[in-house]
Amino acid sequence: MDKHLFNLKFAAKDLERQAKRSEKAEKDEKLKLKKAIQKGNIEGAKIHAENSIRQKNQALNYRRMSARIDAVSARVQTALTTRQVTNSMAGVVKSMEAAMKSMNLEKVSQLMDRFEQQFENLDVQSQVMENTMMNSSTLTTPQNQVDALMQEVADEAGLELNMDLPSAQGSAIGATGSTQASAEQDELSQRLAKLRQM
């Protein structure tokens, strides 16, 4: 079981590294987009904008999967810890029975201290587990508007973008994207709530 836990944690870290690579690629594509706009290469700019958005979405997907694997590994960790504490408590109970038979009060007191320490450790680990689950936040899907990204980069660079942006179509795409994003957010929130109840 420990080997599986290690593999889960390794996979989560690997996905986090992939997310950082995608974010770097997204920034590189944005720089290329800016240069293409400066040169007036609108078709090239569209390609770089699409690549940038794709890399951003890829980074979000990697982070989402990493968070899910983190949640699973936290549950495995809790199971292992609970098993260890249960075994320790069983050993303490046996020792307590032996101490009670001999009525060595000092030994009984020491065993009770150990017993209480095991419970305190379990409480701390349970609290860490709850915090981990609370912090594995769900991510929303970003709006995939190539034109909006191109306009944003052009505005940041103080450039004039020579293309007609279909405003009505853009807002329709935005509304669809936000509806889809909220639906995915609701689904992820429900899944997380189910995980917490287990």
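Residue numbers run consecutively from 1 along every chain, following the written order of its sequence. Totals for whole chains, interfaces and linings use every residue, but because this is a predicted model, local features are given only for residues with pLDDT of at least 70 and side-chain atom pairs only at 80 or more, for both listing and counting. To get the side-chain values, all heavy atoms of the structure are used, and hydrogens and water are removed first.

Under an unreviewed UniProt entry, the name given to the protein chain is Charged multivesicular body protein 1b-like, and the organism recorded is Biomphalaria glabrata. UniProt positions are given in the numbering used here, feature names are shortened, and annotations may be inferred rather than shown by experiment. According to UniProt, the comment filed for the protein chain under the heading Sequence similarities (unreviewed entry) is "Belongs to the SNF7 family."

A. Focus on the overall build of the protein chain. A count of helical and extended segments in the protein chain gives 5 helices and 0 strands. Listing each helix as α and each strand as β along the protein chain from the N terminus yields α-α-α-α-α. The cut-offs for exposure are 20% and 50% of the maximum accessible area for each residue type, with area from a 1.4 Å probe on protein chains only; residues under the lower value are buried, those over the upper are exposed, and the others partly exposed. Counting all 198 residues of the protein chain, 27% fall into the buried class. Should any heavy atoms of two residues lie within 4.5 Å, those residues are considered in contact. Residue pairs in contact within the protein chain that sit at least 24 positions apart in sequence constitute 79% of those at least 6 positions apart. Carbon and sulfur atoms make up 53% of the accessible area of the protein chain, which totals about 13200 Å². Under the DSSP-based scheme used, a helix requires at least four consecutive residues in state H or I and a strand at least two consecutive residues in state E, with every element numbered from the N terminus. Shrake-Rupley sampling with a 1.4 Å probe provides the accessible areas, and residues are treated as covered by the protein chains on show and by no other component.

B. Spatial organisation of helix α4 (residues 146–157). For α4, which comprises 12 residues, the first-to-last C-alpha distance of 17 Å matches the rise-based estimate of 16 Å (1.5 Å per residue) to within 8%. Residues of α4 that are buried include every one of V146, L149, M150, V153 and A154, and no others. Taken around the axis of α4, the buried residues stretch over an arc of 135 degrees, which confines them to a single face. Positioned one or two residues after α4, G158 has a phi angle of 70 degrees, which is positive. Expected span of a helix, by definition, is 1.5 Å for each gap between consecutive residues, and there is one gap fewer than residues. For this quantity, the arc is that covered by the directions from the helix axis to the C-beta atoms.

C. The environment of Y62, seen in detail. Along the chain, Y62 turns up in helix α2 (residues 42–102). When neighbours within four sequence positions are excluded, Y62 is seen to be in contact with L15, Q18, A19 and S22.

D. Quick peek at the packing of aromatic side chains. Note on aromatic pairs: the rings of Phe, Tyr and Trp (six-membered ring only in Trp) are paired at centre separations within 6.5 Å, and the planes decide the class, stacked below 30 degrees, edge-to-face beyond 60, tilted for the rest. On inspection of all chains with the given rule, the structure shows 1 aromatic pair. With 6.4 Å between their ring centres and 20 degrees between their planes, F6 and F10 make a pair best called stacked. In this pair, F6 and F10 are both assigned in helix α1 (residues 2–38), 4 residues apart and thus about one turn of the helix distant. The exposure class of F6 is exposed, given its relative accessible area of 55%. For F10, a relative accessible area of 49% puts it in the partly exposed group. The residue whose ring lies beneath R17 is F10, and the NZ or CZ to ring-centre distance is 5.9 Å. Two limits define a charge over a ring: the Lys NZ or Arg CZ must be within 6 Å of the ring centre, and within 35 degrees of the ring normal.

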